[in-house]
Amino acid sequence: DVYVICQSGHRSSQACQRLEGLGLSNAISVDGGINALEKAGGKLASFSKVIPLMRQVQIAAGSLMLLSVVLSLFVHPNFIYLSAFVGAGLTFAGLTGFCGMANLLALMPWNKNQNTSMPTKGCCGV
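So, how was this worked out
- Residues numbered from 1 in each chain as written.
- Predicted model: local features only at pLDDT ≥ 70, side-chain atom pairs only at ≥ 80, totals over all residues.
- Heavy atoms only, no water.
- Helix = DSSP H or I, 4+ residues; strand = E, 2+ residues; numbered from the N terminus.
- Buried < 20%, exposed > 50% of the residue type's maximum accessible area, 1.4 Å probe, protein only.
- Contact = heavy atoms within 4.5 Å.
- Areas by Shrake-Rupley, 256 points an atom, 1.4 Å probe, with all protein chains shown as cover.
- Polar contact = N/O pair within 3.5 Å; in protein donor to acceptor, adjacent residues only side chain to side chain.
- Core = buried A, V, L, I, M, F, W, Y, C linked by side-chain atoms within 4.5 Å.
- Patch = residues over 30% accessible without salt bridge, like charges linked within 9 Å, V, L, I, M, F, W, Y side chains within 5 Å.
- Salt bridge = Lys/Arg side-chain N within 4 Å of Asp/Glu carboxyl O.
- Expected span 1.5 Å × (residues − 1).
- Arc of directions from axis to C-beta.
- pLDDT = per-residue confidence, 0-100.

## Remarks on the overall build of the protein
Then comes step 1: Counting secondary structure elements, the protein contains five helices and two strands.
Then comes step 2: Listed N to C, the secondary structure of the protein is β-α-β-α-α-α-α in terms of helices and strands.
Then comes step 3: When each of the 126 residues of the protein is scored for burial, the buried share is 17%.
Then comes step 4: A separation of at least 24 residues holds for 54% of the contacts in the protein among residues at least 6 apart in sequence.
Then comes step 5: Carbon and sulfur atoms make up 64% of the accessible area of the protein, which amounts to about 9,200 Å² in all.

Below, the structure written as C-alpha cells:
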C-alpha cells in the first residue's frame with residue numbers, strides 16, 4: 001500500500017484519484033491529513049526546515065507591496081509603482097504558471113539542496 005498525505009487530506013484524496021486513473025490501485029489517502037495526524041498525537045518526520053517556496057513567494061510579494069505603500073505615503077508617491085509591478089508579476093504567474101519570483105527565491109542559499117519545485121497544474125508539490 002502507498003499512503004498519500006497532505007495538510008488537510010483534500011489534495012491527497014485528489015492525488016489518490018489521479019493515481020488510480022494511472023493504474024495504481026493501492027493508493028490510500030490519509031483522512032484529515034497532517035492536521036488530523038497531529039491532533040491525534042501522531043508524529044511526522046520532517047526532512048526540511050525551509051519554508052515552502054510558495055509561502056516564500058507570498059511573504060516576499062506581500063512585504064514588497066506593503067513596503068511600497070508605506071514608502072509612497074512617507075517618502076515619494078512614485079514608490080506605489082513597485083506595488084503595481086509586484087501585482088502584475090503575480091497576475092502573470094497566475095495566468096501562465098511561470099513565477100519569476102519563485103525562480104529567484106529557488107536560487108537563494110537557504111533553498112539549495114531542497115526540492116523547491118513549484119506545483120504545476122494544480123497538483124500538490126512534494
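## What to know about the side chain of S12
Then comes step 1: As for its placement among the helices and strands, S12 is situated in helix α1 (residues 10-21).
Then comes step 2: Among the polar contacts made by the side chain of S12, one reaches the main-chain carbonyl oxygen of G9 at a distance of 3.1 Å.
Then comes step 3: Only 2.8 Å separates the side chain of S12 from the side chain of S29, close enough to count as a polar contact.
Then comes step 4: Setting aside anything within four residues of it in sequence, one finds S12 in contact with V4, I5, C6, S29 and V30.

## Details of the nonpolar core
Then comes step 1: Core analysis: the biggest nonpolar cluster contains six residues, these being L53, V57, A93, C99, A102 and L105.
Then comes step 2: Of all the elements in the fold, those that place two or more residues in this core are α3 (53-74) and α5 (100-106).
Then comes step 3: With residues near it in sequence (within four places) discarded, L105 still touches L53, Q56, V57, A60, W110 and N111.

## Structural notes on a nonpolar patch on the surface
Then comes step 1: A surface patch of nonpolar side chains, about 930 Å² in accessible area, is lined by L66, V69, V70, L73, F74, V75, F79, I80 and Y81.
Then comes step 2: Element by element, the count of residues in the nonpolar patch is highest for α3, at five residues.
Then comes step 3: As for its position among the elements, V69 is in helix α3.

## Digging into the side chain of S83
Then comes step 1: Mapped onto the elements, S83 comes out in helix α4 (residues 80-96).
Then comes step 2: Residue S83 is classed as buried on the basis of its relative accessible area of 10%.

## Some words on α4
Then comes step 1: Along its 17 residues, α4 runs 25 Å from first to last C-alpha, staying within 8% of the 24 Å computed at 1.5 Å per residue.
Then comes step 2: All buried positions along α4 are accounted for by S83, V86 and A93. All buried residues of α4 fall inside an arc of 90° around its axis, so they share one side. Exposed and oriented more than 90 degrees from the buried face of α4 are Y81, F85 and L95.
Then comes step 3: Looking at the buried side of α4, the elements it contacts are α3.
Then comes step 4: Among the residues trailing α4, G97 stands out with phi positive, at a value near 85°.

## Focus: the confidence of the model for the protein
Then comes step 1: Residue-level pLDDT values for the protein average 86, and 87% of them are 70 or greater.
Then comes step 2: Taken as a whole, residues 116-126 scores under 50 in pLDDT and shows 10 contacts with residues more than four places along the chain or in a different chain.

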